[in-house]
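Report on the structure
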Amino acid sequence: MKLKWSDVTPEADYLSRRVFLAAGAASIAGPALGLTGKPSGLSTDEKPNSLEEITNYNNFYEFGTGKTDPAQFSGSLKTSPWSVRIDGMVERPGSYGVEDLAPDAALEERIYRLRCVEAWSMVIPWLGVPLSSVLNKAGPQPGAKYVAFQTLLDPDQMRGQGRGSGIDWPYREGLRLDEAMHPLTILATGLYGQVLPNQNGAPIRLVVPWKYGFKSIKSIVAITLTDKQPPTTWQMLQPSEYGFYANVNPQVDHPRWSQATERRIGAGLLGGREETLMFNGYADQVAGLYSGMDLARHY
Ligand code: MTE
């Protein structure tokens, strides 16, 4: 699999969708464990996508660039035991188990809109904990300004990390510390009442609902607090197209396509496009984080 940044287009997305429809819904990889999450006032009241849609139309390039590749190939990922290293500018660096960071009893249900930079969207009922609760366990030092995240690096388990993929693995993402501490930002360990399926980023992934989906990094093994803006995978690959902030913004187009509208997965080919909302519909909660910033320059 040789990835070129120009492979990522809404047209490619549309074609993969047709493959998906033709293939029918495949089975999901995650075990049903009857997890529950406390309801949260932060959920949308929009109807969630089906479990089949959420688990069979994925971006997880560690398993291939096709939308059904993650469902097909992520079974090779061993998600237990798993630990997350928290280091950098924290008072209590260390390796933490997933159950330490996101105990089942603490899980909240967060039904969030997900808007991909490729101009499709879904609604997903996540189970997770606020990232702030995790960062507070580690204790950010006063000078910390950013949080950097890394996905597992293991080509034996992640076939897409083999040589020649074009990406400088591991997948990396980052947030400003105030974005990371925002109540909407969660680490998810489940969805639809079950343990997170591998294709959705098991055992623990970030979810930042007001940013394009590529910020929501999957299968996290390291969280590093730093005073410098960290390099991030898509920005390293094509900085003129993908920025550090990546806030959903219908007024700032991608250089190769409009971001004004989106296609809701599951709406059917005749379902029509919906208008994309500023900050993906979360403007009331997050616009204040960016007051005074030129969002066309900081895309
Ligand atoms: N995380 C890793 N490690 N690798 C990826 O390729 N893709 C991102 C994001 N997180 C990606 C990732 C993109 S582009 C999107 S849209 C979301 O995951 C998709 O999440 P989902 O498959 O659970 O819907």
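In what follows, the structure referred to is the one given above.
Source: prediction; values computed, not measured.

Sheet analysis places strand β1 (residues 83-88) next to strand β2 (residues 94-97), joined by four bridges and oriented antiparallel. Among the inter-strand pairings, V84 is bridged to a residue of β2, identified as Y96. Connecting β1 to the antiparallel partner β2 that follows it, the hairpin turn spans five residues.

On to the packing of aromatic side chains. For the structure on display, the rule yields ten aromatic pairs. Between the aromatic rings of F60 and F63, the centroid separation amounts to 4.9 Å while the plane-to-plane angle is 90°, which identifies the pairing as edge-to-face. Counting every residue linked through ring pairs, the aromatic cluster contains Y146, F244, Y245, F279 and Y290. Against the face of F73 rests R159, its NZ or CZ located 3.7 Å from the ring centre. Above the ring of F244, the side-chain terminus of K215 is found at 4.3 Å from the ring centroid.

In this section: the sheet that holds strand β10 (residues 220-226). An order of β2-β1-β10-β5-β6 is seen for the five strands of this open sheet, with the pairing classed as mixed. Edge positions in the open sheet fall to β2 and β6 (172-176), since each of these has one partner strand only. Each strand axis lies, on average, 20° off the axis of its neighbour in the sheet, ignoring direction. Both strand β5 (residues 146-151) and β10 contribute to a ladder of six bridges, which runs antiparallel. The residue of β10 that forms the bridge with T151 is I220.

Turning to the site of the ligand, a few remarks are in order. Lining the immediate environment of the ligand, one finds 16 residues, of which N58, Y61, E62, S216 and K218 sit closest. At a separation of 3.2 Å, a nitrogen atom of the ligand approaches a polar backbone atom of N59. Within the backbone of Y61, an N or O atom sits 2.8 Å from an oxygen atom of the ligand. Burial of the ligand by the protein chains amounts to 98% of its free accessible area of 530 Å². Tallied by class, residues from the shell around the ligand come to seven nonpolar, six polar and three charged.

Conventions and cut-offs
Residues numbered from 1 in each chain as written. Predicted model: local features only at pLDDT ≥ 70, side-chain atom pairs only at ≥ 80, totals over all residues. Heavy atoms only, no water. Pairing = 2+ DSSP bridges. Helix = DSSP H or I, 4+ residues; strand = E, 2+ residues; numbered from the N terminus. Phe/Tyr/Trp six-rings, centres within 6.5 Å; stacked < 30°, edge-to-face > 60°. Lys NZ or Arg CZ within 6 Å of the ring centre and 35° of its normal. Axes fitted to C-alpha atoms, helices over the stretch in contact; angles between N-to-C directions. Near = heavy atom within 4 Å. Polar contact = N/O pair within 3.5 Å; in protein donor to acceptor, adjacent residues only side chain to side chain. Areas by Shrake-Rupley, 256 points an atom, 1.4 Å probe, with all protein chains shown as cover. Nonpolar A, V, L, I, M, F, W, Y, C, P; charged D, E, K, R; others polar.

Purely geometric stuff here, so don't read any function into it on its own.
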